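# Remarks on the overall topology
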Amino acid sequence: MRAPEVGGVRLPDGRGQVLRLAQGASLSDFADKIDVNPSQLVQALFNLGEMVTATQSVTPETLQLLGEEMGYKVQIVSPEDEDRELLESFDLSFGEDEGGEEDLERRPAVVTVMGHVDHGKTRLLDSIRSAKVGEGEAGGITQHIGAYQVTVPVDDVERTITFIDTPGHEAFTAMRARGAKSTDIAIIVVAADDGVMPQTVEAINHAQAADVPIVVAVNKIDKEGAQPDKIRGQMTEYGLVPEEYGGDTMFVDISAKQNLNIDSLLEAVVLTADAALDLRANPDMDAQGVAIEAHLDRGRGPVATVLIQRGTLRVGDSIVAGDAYGRVRRMVDEHGQDVEEATPSRPVQVIGLTSVCGAGDTLMVVDEDRTARQIADRRNARKRNAMAARSRRRISLEDLDSHLKETSQLNLIIKGDNSGTVEALEEALMGIEIDDEVQLRVIDRGVGAVTETNVNLAAASDAVIIGFNVRAEGKATEMANREGVDIRYYSIIYQAIDEIESALKGMLKPIYEEKQLGQAEIRQIFRSSKVGNIAGCMVLDGIMRRNAKARLIRDGNVVVEEMTVSSLRREKDDVTEVREGFECGLTVTYSDIKIGDVIETYELVEKPRD
Ligand code: GDP
């Protein structure tokens, strides 16, 4: 059998062989696997109309297509699979409790509060915190660490509940999107004086899609116009039938403002968890959990709030969290107090990572620092590849020419106060719809102040730095001024997006549209030694205009595409325009004109972008 030709390049025959490639792999990675020179693949793709370099990562579709052309079955390995394989290569796995039934112990439910804006999510989280924590705790709550625990007596047993302290389903879905199931139960808050609103429905959908049981908090019952029964009726339409109507969803009427029925709500959470879920974990294994928040602290370095899911985390443990690693130097709880160990469902701030991990990243204890570092390094490399793939837009061959000549690219460096916002901002920016002529690239991102290193990179690659809730430190500002680097500070995501969007639009070259001016037929030709051939014309329609762009049409064919009307006369006078039905004499920047030719004038007008 002949070797297949792809885009005119002879390549090996895959013969149906399965080829596993990572999402975000480059042509170089591909070439390695099939033992050809990467430049052959680059050439083949180029001929097929796509220009990529050997080390750029390419889209899964491109890998599939290229593979298929050669007769390979390409399997794109998802980041999750890849990570599982990475852990397996170290004899590790994430997500399973070790041991059997007898090793499992009850753990507290982890709760997220969701609902429509202004229905009282934040207020509820605040009142639960201040009402419940502090009871018996020295000093009470001193810190927002992203989650906290409270206790409530249910049937004379003190039961603990963990609350994720950032309300809203963005956080919930963001974590879910990364495969981290951090929530056991959702409290959906509905204001009794307002009723079910769009975000209420969204929250219900998100919780149901994640298979998370719902407790409904009917809030603001202290308000005039509160109609808690109406809410029950409305929620029934979304499959949430109150217990008192024979369904299995618990509804609790509360006032977050007046601290009314908060205990009943907590009790409902415990009862719902007991009825619907089997919340147990093995506390006697190396800890595994999920980072729900992470930031860079000036004094303490990278700080991550971790929710332990199984096992027990102890000071001194070697850990890897996403692409960060380190050793637990200290753990601090929501009261600002040091803790030595954290058991399942317990949120703690972990200090000792060497860099800031992402919100939603998994954390696990490994036996050696070296293992932690190796896993982190591999994840880091993979993340860079994936980012590179995401931040690039495809260039097709048709665009290539204009691309090389005209590309305007806006390079950005994003710095923010925590990894969640940096990611959110980057994602939102990459989602801006713009013309292919302009490209947006995030060349670096990170948590923490804008540093001199950032400014250096920005200067070297003409990038704009975005500081989100952070400022420049040290001599960075001075250096930016000196180097002419633009640093922009924002604290509202939408504002950042708006400004970048208008900047991008400003970079777009104007689009011109042709507008026809008129046509004239050459009736006579006068030879002049001074100006060359003068065309004696009759303007058939529209106008002839001096300096206008024109084309020459002979027997219906365009003979000359681009020429200019260089002089224009009526009788003996130089004029700027001659209208339809009048004779004129004109010269054009093309001398081989003939009687009967038609001169068509046009102009280019700028078309506004929308
Ligand atoms: P979120 O957007 O859902 O987090 O809502 P907030 O917690 O910020 O609350 C929105 C507004 O409703 C604030 O002005 C709160 O003080 C008020 N609010 C929250 N709960 C109650 C309540 O139970 N009763 C009354 N009267 N007002 C409340």
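Residues numbered from 1 in each chain as written. Predicted model: local features only at pLDDT ≥ 70, side-chain atom pairs only at ≥ 80, totals over all residues. Heavy atoms only, no water.

## Points about the overall build of the chain
Along the backbone of the chain there are 15 helices and 32 strands. Expressed as a percentage of the 610 residues in the chain, the buried residues total 47%. Counting contacts in the chain only where the partners sit at least 6 residues apart, residues at least 24 apart contribute 71% of the total. As presented, the chain carries roughly 29,700 Å² of accessible surface, and 45% of it is formed by carbon and sulfur atoms. (Helix = DSSP H or I, 4+ residues; strand = E, 2+ residues; numbered from the N terminus. Buried < 20%, exposed > 50% of the residue type's maximum accessible area, 1.4 Å probe, protein only. Contact = heavy atoms within 4.5 Å. Areas by Shrake-Rupley, 256 points an atom, 1.4 Å probe, with all protein chains shown as cover.)

## Re the site of the ligand
Around the ligand, a shell composed of 15 residues is seen, among which Asp118, Lys121, Thr122, Arg123 and Asp222 lie nearest. Here an oxygen atom of the ligand and a backbone polar atom of Asp118 are 2.7 Å apart. One of the backbone N or O atoms of Ala256 is found 2.9 Å from an oxygen atom in the ligand. Protein burial of the ligand: of its 570 Å² of free accessible surface, 77% is covered by the chains. When residues of the shell around the ligand are assigned to their parent elements, the largest contribution, three residues, is made by helix H5 (residues 121-132). Here the residues of the shell around the ligand are counted per class, giving two nonpolar, six polar and seven charged. (Near = heavy atom within 4 Å. Polar contact = N/O pair within 3.5 Å; in protein donor to acceptor, adjacent residues only side chain to side chain. Nonpolar A, V, L, I, M, F, W, Y, C, P; charged D, E, K, R; others polar.)

## With respect to the sheet that holds strand E6 (residues 109-115)
One key point about sheets: their strands pair by backbone hydrogen bonds, in either a parallel or an antiparallel sense. Strand order in the open sheet made by the six strands is E7-E8-E6-E9-E10-E11, with mixed pairing throughout. Among the strands making up the open sheet, the edge pair consists of strand E7 (147-154) and strand E11 (251-253). Between one strand and the next, the sheet's axes are offset by a mean angle of 30°, whatever the strand orientation. In the sheet, E6 pairs with strand E9 (residues 185-191) via five bridges, with the strands oriented parallel. Bridge assignment links Val113 to a residue of E9, and that residue is Ile187. (Pairing = 2+ DSSP bridges. Axes fitted to C-alpha atoms, helices over the stretch in contact; angles between N-to-C directions.)

## A word on the packing of helix H13 (residues 452-460) against helix H14 (residues 476-483)
The geometry of H13 relative to H14 is characterised by a closest axis approach of 9 Å and an angle of 15° between their N-to-C directions. Here H13 lies roughly parallel to H14, going by the angle between them. Crossing of H13 against H14: the hand is right-handed. Where H13 approaches H14, its residues Glu452, Val455, Asn456 and Ala459 are matched on the opposing element by Ala476, Met479, Ala480 and Glu483. (Parallel < 35°, antiparallel > 145°, perpendicular 65-115°, else oblique. Left-handed = near helix turned anticlockwise from the far one by under 90°.)

## Some details on the pattern of salt bridges
Close approach of charged atoms allows side chains of opposite charge to pair. Scanning the model with the defined rule gives 35 salt bridges in all. In this structure, Arg280 and Glu101 form a salt bridge, with 3.0 Å as the shortest nitrogen-oxygen distance. Of this pair, Arg280 sits in strand E12 (residues 280-281) while Glu101 sits in the loop between helix H4 (79-88) and strand E5 (105-106), and the two are 179 residues apart along the sequence. Put simply, Arg551 and Glu600 hold a salt bridge, and the shortest N to O gap is 2.9 Å. Of the two residues, Arg551 sits in strand E27 (residues 549-554) while Glu600 sits in strand E32 (residues 598-607), which places them 49 residues apart along the sequence. Several salt bridges converge on common partners, so that one network encompasses Lys515, Arg545, Glu577, Arg579 and Glu603. (Salt bridge = Lys/Arg side-chain N within 4 Å of Asp/Glu carboxyl O.)

## Re the pairing of strand E20 (residues 362-366)
Of all five residues that make up E20, four are buried, and the element is covered over most of its length. Direction of pairing for strand E13 (residues 288-297) relative to E20: antiparallel, over a ladder of three bridges. Bridging from a neighbouring strand, Gly289 pairs with Leu363 of E20.

## Some words on the confidence of the model for the chain
Per-residue pLDDT for the chain averages 85, and the proportion of residues at 70 or more is 89%. The secondary-structure element of the chain with the lowest mean pLDDT is helix H11 (residues 397-406), recorded at 39, while strand E15 (residues 313-314) shows the highest, at 98. Low pLDDT, under 50, characterises residues 390-406; the stretch is placed with 33 contacts to residues that sit more than four places away or in other chains. (pLDDT = per-residue confidence, 0-100.)

## A closer look at the environment of Val438
Within the secondary structure layout, Val438 lies in strand E22 (residues 438-447). Along the chain, Val438 and Leu504 lie 66 residues apart, while their C-alpha atoms are 6.9 Å from each other.

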